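As a plain string of letters, each chain reads:
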Amino acid sequence: GATDTPMLRVFLVADPDPAIRERLLSFLSRAGYEVVFVTTKEEAVKAAASQAPLLILIDGGLPPGGAGPLVAELKRDPRTAEIPLVVITGNLAERSGLDFGQVDVLSKPIDRHQLLQLMINYDLQADAKRRRKLPATVLRIDDDPLSLRLIKAVLTPLHIEVMTADGGKAGIELAWKGRPELIICDLLMPGVDGFEV
């Protein structure tokens, strides 16, 4: 049935803040994810069970009662217990009552690097669950040195060889030469951009 083949490229976002939604949608949809938004705990529970998302991002102040009650309910339900949860929070009060063994925390304001790290972590985890194997070699193409370092820091402990290129032209050459199993490419770069790559 449908539950045997979950759509692993869906991000479920439970957040009533239009600004956060806009930022997440712009970044995640460009990166190739389907983004499903809900604004309350009840909607989140229903969507989590039906969509089988890769990840659920939850606003720390989600009504009613913050992220805590939603986290508890999702972890109790066998259909959603295994889905990774990330709480987006801007203050310490919203963190109280959260079990950090059950959730990761993303601090506001959310930036591109935090999202990038999340996507890589959880996409690779989902991939590993699906195929029980990680890529042996990954090529990262990005003109941002911080992003290149971040990818290396995330993937190297997983025994993945990381090749990096600081632009589209160099990335294409390295891809032909190195034959990576996975290419992670920034879309917005000077010269040869990600779309051309």
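Our subject is the structure listed above.
Parameters and conventions
- Residues numbered from 1 in each chain as written.
- Predicted model: local features only at pLDDT ≥ 70, side-chain atom pairs only at ≥ 80, totals over all residues.
- Heavy atoms only, no water.
- Helix = DSSP H or I, 4+ residues; strand = E, 2+ residues; numbered from the N terminus.
- Buried < 20%, exposed > 50% of the residue type's maximum accessible area, 1.4 Å probe, protein only.
- Contact = heavy atoms within 4.5 Å.
- Areas by Shrake-Rupley, 256 points an atom, 1.4 Å probe, with all protein chains shown as cover.
- Core = buried A, V, L, I, M, F, W, Y, C linked by side-chain atoms within 4.5 Å.
- Phe/Tyr/Trp six-rings, centres within 6.5 Å; stacked < 30°, edge-to-face > 60°.
- Axes fitted to C-alpha atoms, helices over the stretch in contact; angles between N-to-C directions.
- Parallel < 35°, antiparallel > 145°, perpendicular 65-115°, else oblique.
- Left-handed = near helix turned anticlockwise from the far one by under 90°.
- Pairing = 2+ DSSP bridges.
- Polar contact = N/O pair within 3.5 Å; in protein donor to acceptor, adjacent residues only side chain to side chain.

## As for the overall build of the protein
Piece 1. Within the protein, the secondary structure is distributed over 7 helices and 8 strands.
Piece 2. Residue burial in the protein is summarised as follows: out of 197 residues, 43% are buried.
Piece 3. Taking all contacts inside the protein whose residues are at least 6 apart in sequence as the whole, residues at least 24 apart take part in 63%.
Piece 4. Looking at the protein as shown, the accessible area adds up to about 10300 Å², and 57% of this sits on carbon and sulfur atoms.

## Some thoughts on the nonpolar core
Nonpolar side chains in soluble globular proteins tend to be buried together.
Piece 1. Counting 20 residues, the largest nonpolar core has Leu12, Ile56, Ile58, Leu70, Leu74 and Leu85 as the members making the most contacts within it.
Piece 2. Residue assignment for this core shows that the elements contributing at least two residues are β1 (10-14), β2 (34-38), α2 (41-51), β3 (55-59), α3 (67-76) and β4 (85-89).
Piece 3. Apart from the residues within four sequence positions on either side, Ile58 is in contact with Ala14, Ala67, Leu70, Val71, Leu74, Leu85, Val86, Val87 and Ile88.
Piece 4. Listed in part, the 19 residues of the second largest apolar core include Tyr33, Leu55, Ile110 and Leu115.

## Side note on the packing of aromatic side chains
Piece 1. For the structure shown, the criterion picks out 1 aromatic pair.
Piece 2. Consider the rings of Phe11 and Tyr33, whose centres lie 4.7 Å apart with planes at 70 degrees: the pair is edge-to-face. Of the two residues, Phe11 sits in strand β1 while Tyr33 sits in the loop between α1 (18-30) and β2, which places them 22 residues apart along the sequence. One exposure class covers both Phe11 and Tyr33, and it is buried.

## So, unusual backbone geometry
Piece 1. The step from Pro63 to Pro64 runs through a cis peptide bond, and the omega angle for that step is -10 degrees.
Piece 2. With respect to the helices and strands, Pro64 occurs in the loop between β3 and α3.
Piece 3. Positive phi is not limited to glycine here, since Ala52 has a value of about 45 degrees.
Piece 4. Tracing the backbone shows Ala52 in the loop between α2 and β3.
Piece 5. Accessibility expressed as a relative area gives 25% for Ala52, which makes it partly exposed.

## Some words on the packing of α2 against α3
Two quantities define a packed helix pair, namely the angle between the axes and the distance from one axis to the other.
Piece 1. α3 packs onto α2 with a crossing angle of 25 degrees between their chain directions and a minimal axis gap of 10 Å. Judged by the inter-axis angle, α2 sits roughly parallel to α3. At the point where α2 passes α3, the crossing takes the right-handed sense. The segment α2 lies against α3, with Lys41, Ala44, Val45 and Ala48 engaging Pro69, Leu70, Glu73 and Leu74.

## As for the sheet that holds β2
Piece 1. Strand order in the open sheet made by the 5 strands is β2-β1-β3-β4-β5, with parallel pairing throughout. Where the open sheet ends on each side, the last strands, each with one partner, are β2 and β5 (103-107). Direction aside, the axes of adjacent strands within the sheet are offset by 25 degrees on average.
Piece 2. Bridge analysis of β1 against β2 gives 5 bridges, and the strand direction is parallel.

## Some thoughts on the environment of Arg140
Piece 1. As for its position among the elements, Arg140 is in strand β6 (residues 137-141).
Piece 2. Take Arg140: its relative accessible area is 3%, and that puts it in the buried class.
Piece 3. As for Arg140 and Ile183, which are separated by 43 residues in sequence, their C-alpha atoms are 5.9 Å apart.
Piece 4. When sequence neighbours within four positions are dropped, the list of residues in contact with Arg140 reads Leu116, Ser147, Leu148, Ile151, Met163, Thr164, Ala165, Ile184, Cys185 and Asp186.
Piece 5. Of note is the side chain of Arg140, whose polar atom sits 2.5 Å from the side chain of Asp142.

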